[in-house]
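Listed here are the chains, written in short residue letters.
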Amino acid sequence: MAKKKGIGLGVAAVAAGAGAAAYAVHNHGKKKATGGGTSKHKGGKISGRKYVTAEPEYRNTELGKNAKNRKGIYYSNGNYEAFARPRKPEGVEEKNAYIVGSGLASLAAACFLVRDGQMPGSHIHILEAMNIAGGACDCIYDSTRGYIMRGGREMENHFECLWDLFRSIPSIETPGVSVLDEYYWLNKEDPNYSLCRATVNRGEDAHTDGLFNLSRKGCMEIMKLFMTKDEDLYDKTIEDVFDEEVFDSTFWLYWRTMFAFENWHSALEMKLYFQRFIHHIAGLPDFSALKFTKYNQYESLIMPMQKYLEAAGVDFRFNTEVTNVIFETEGEKKVAKAIECKVGGVEEGIVLTENDLVFVTNGSCTEGTVYGDQNHAPNGDAEVRTSGCWNLWKNIARQDASFGHPEKFCSDVAKTNWESATITTLDDKILPYITNICKRDPKSGKVVTGGIVSCKDSAWLLSWTINRQGQFKEQDKDQVCVWVYGLFTDVPGDYVKKPMKECTGKEITQEWLYHLGVPEEEIDGLAENSAVCVPTMMPYITAFFMPRTKGDRPDVIPDGCVNFAFLGQFAETPRDTVFTTEYSVRTAMEAVYGLLGVDRGVPEVWGSVYDIRELLGSSVKLMDGKSPLEIELPGPLNALKKPLLHVIKGTVVEKVLRDQGVIKEGMI
């Protein structure tokens with residue numbers, strides 16, 4: 001195994017770090033000519049927002065570092081700006097904001113308008129097609145079906161914009177504390193980690209044992225992707241850059257089940273994910289990198305935001321479906337002039353001026369969800385809930401190329417769908433099989449599975465998870481809510497010989513019980529009497545992972561727009577990754593700060609990809625703890641190892657390499 005593992009990934013990581021540093025220096029040289037300045041300024045306006053540039057002779061790295069870019073924002077890091085309160089933007093009292101949708105991104109935009117933009121709440125109007133806020137974060141109890149969780153939210157400590165927001169949102173459970181406070185205390189007292197990441201042979205521990213099992217060639221493929229320029233990955237799939245050396249590894253089992261990547265998804269998005277979360281490679285096998293809310297995301301995140309906004313006087317308009325935003329273009333300047341909508345099915349219009357800011361969540365991963373129940377599959381005559389998100393984006397995009405290309409993401413549901421289901425246990429008969437796998441009491445109120453358990457040999461590639469119970473505040477303390485999902489919905493199951501998409505809730509429970517190791521003669525009875533299951537088929541759940549090129553996702557603030565911005569998972573912002581709560585909140589912050597002229601930095605994406613310690617450490621972890629210096633290098637390179645180690649002995653370089661496991665005892 002030692003011969004099979006790895007390559008000189010540590011060397012490659014050092015090269016990556018050095019390359020990043022050189023790139024930064026190169027770009028800094030450019031910024032000196034175009035960045036901000038102090039005593040000698042040239043001013044201007046782009047898309048209605050002021051910006052500042054410096055004379056070329058300025059060389060001090062601090063001068064003008066916070067000058068706003070052409071979108072009207074700048075990025076920052078550190079506590080100085082994180083704790084600062086911006087001044088009230090000029091003329092904010094004369095402005096109104098219309099926010100289309102009430103998902104996480106939309107509510108975050110409203111919160112930033114109130115907190116940082118200091119806009120009167122009565123000037124903020126949220127237009128929502130449904131009769132409830134939350135968008136994809138909509139965990140509910142349906143009296144005709146049961147508990148429904150279409151998905152869960154995995155979070156980590158470096159969701160900078162998310163935590164910046166929730167430090168200001170009051171808890172609705174504990175007086176005098178924020179949502180961030182209670183979240184922080186919870187995850188300190190009850191840290192998340194998994195005791196069984198995967199099973200085989202009907203409930204047996206697959207003993208992935210925290211290993212990635214990547215071959216030398218597989219490691220090379222990952223590192224090559226890591227170093228590839230974005231533009232070289234436009235419209236390419238993961239299959240274009242990886243082969244079976246990666247696809248047959250435990251790494252790929254971890255990766256695709258955790259993030260819901262499929263082989264035909266975007267290689268660019270895969271690369272961005274790898275760079276974004278390089279600091280969590282060690283936590284990938286056991287989910288110790290993750291943190292979860294106490295309850296489902298609707299009750300833990302959405303409800304506190306909605307109450308905060310209602311207290312500020314924000315205007316919520318439910319049953320209002322926006323169908324189009326009409327633009328007027330003069331040269332490069334684009335102005336949103338009218339909103340077309342249906343209120344209770346009746347067509348209406350909202351006339352806009354340049355003082356009316358419009359924020360639109362374009363696209364939706366949960367649009368068109370089909371709901372089944374215990375005895376009906378999510379197909380045929382099943383209920384379909386739609387809010388017109390994709391049609392709205394298509395109508396907007398027809399007016400200008402800078403508004404993106406929705407068809408790239410929503411035109412092939414065979415490649416963007418998967419199905420989830422919520423199984424609620426009705427008695428204690430199934431619980432011993434759960435405990436046997438996760439090694440924890442499901443009704444303890446603490447971490448249960450610690451993340452998904454993937455059934456490695458499941459035809460549906462079934463995964464399931466149990467978060468802290470109760471997942472709903474009003475949930476019966478004797479019931480347990482289980483979230484199940486399958487990546488492959490169109491192949492027959494192992495117990496139920498039907499595709500998942502054709503299965504009733506009871507049949508999905510049967511398949512799950514089979515993979516828990518329940519004796520076959522007990523499966524049907526337990527699925528009928530000891531659980532109720534609500535399946536949800538989501539046609540566009542991974543639409544944002546479809547291969548794309550530059551411009552397919554529109555900028556948060558498209559060039560030339562003076563009063564319009566996009567929000568959410570299908571808007572483009574640098575370096576961050578979609579399918580996260582952070583992405584929704586980051587786009588909201590950028591949109592508000594840019595359009596309203598808020599003079600405060602947007603926290604940059606956590607810079608672990610530029611940290612040599614993370615690059616070195618992750619290379620060792622990917623090789624399952626093996627140092628690159630233990631690898632037999634070709635030709636004369638092997639002979640150079642000892643002389644090079646002698647040169648760095650006693651230096652800070654040796655310390656860094658030792659700390660990250662590259663140099664081990666006895667090597668020097």
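Everything here concerns the structure above.
Rules used throughout
- Residues numbered from 1 in each chain as written.
- Predicted model: local features only at pLDDT ≥ 70, side-chain atom pairs only at ≥ 80, totals over all residues.
- Heavy atoms only, no water.
- Helix = DSSP H or I, 4+ residues; strand = E, 2+ residues; numbered from the N terminus.
- Rg over C-alpha atoms; globule rule 2.2 N^0.38 Å.
- Contact = heavy atoms within 4.5 Å.
- Areas by Shrake-Rupley, 256 points an atom, 1.4 Å probe, with all protein chains shown as cover.
- Lys, Arg positive; Asp, Glu negative; His and termini not counted.
- Charge placed at Lys NZ, Arg CZ, Asp CG, Glu CD.
- Buried < 20%, exposed > 50% of the residue type's maximum accessible area, 1.4 Å probe, protein only.
- Arc of directions from axis to C-beta.
- Polar contact = N/O pair within 3.5 Å; in protein donor to acceptor, adjacent residues only side chain to side chain.
- Axes fitted to C-alpha atoms, helices over the stretch in contact; angles between N-to-C directions.
- Parallel < 35°, antiparallel > 145°, perpendicular 65-115°, else oblique.
- Nonpolar A, V, L, I, M, F, W, Y, C, P; charged D, E, K, R; others polar.
- Pairing = 2+ DSSP bridges.

**A look at the overall build of the chain**
And step 1. Scanning the chain from terminus to terminus reveals 20 helices and 23 strands.
And step 2. Its C-alpha atoms give the chain a radius of gyration of 26 Å, near enough to 26 Å, the size a compact globule of 668 residues would have.
And step 3. Principal axes of the C-alpha set define a box for the chain whose edges measure 75 × 75 × 45 Å.
And step 4. Contacts in the chain between residues far apart in sequence, at least 24 positions, make up 72% of those at least 6 positions apart.
And step 5. Taken as a whole, the chain presents about 27,600 Å² of accessible surface, with 52% of it coming from carbon and sulfur.
And step 6. Charge centroids of the chain, computed over 77 positive and 91 negative side chains, lie 7 Å from each other.

**Examining helix α5 (residues 179-189)**
And step 1. Along α5, the residues that are buried comprise V179, Y183, L186 and N187. Projection of α5 onto a plane perpendicular to its axis shows the buried side chains occupying an angular sector of 90°, all on one side. Opposite its buried face, α5 presents the exposed residues K188 and E189, each directed more than 90 degrees away.
And step 2. Contact partners of the buried residues in α5: α4 (160-166) and α10 (297-311).
And step 3. Near the N-terminus of α5, the side chain that reaches the backbone nitrogen of L180, with its oxygen 3.3 Å away, is that of S178.

**So, the packing of helix α6 (residues 216-227) against helix α9 (residues 267-276)**
And step 1. In contact at an axis separation of 9 Å, α6 and α9 are set at 90° when each is read in the N-to-C sense. With respect to their mutual orientation, α6 and α9 come out roughly perpendicular. Packed against α6, whose contacting residues are I222, L225 and F226, the element α9 presents A267, M270, K271, F274 and Q275 at the interface.
And step 2. Among the residues forming the contact of α6 with α9, the class breakdown is six nonpolar, one polar and one charged.

**Section: the sheet that holds strand β17 (residues 418-425)**
And step 1. If you trace the nine strands from one edge of the open sheet to the other, you get β9-β8-β18-β19-β20-β17-β21-β15-β16, paired in mixed fashion. Single-partner strands in this sheet number two, and they are β9 (204-205) and β16 (383-385).

**Describing the packing of helix α8 (residues 250-259) against α9**
And step 1. Where α8 meets α9, the closest approach of the two axes is 13 Å, and the angle between their N-to-C directions is 100°. Viewed along their axes, α8 and α9 adopt a mutual orientation that is roughly perpendicular. Contacts between α8 and α9 involve F251, W252, W255 and F259 from the former and M270, Y273 and F274 from the latter.

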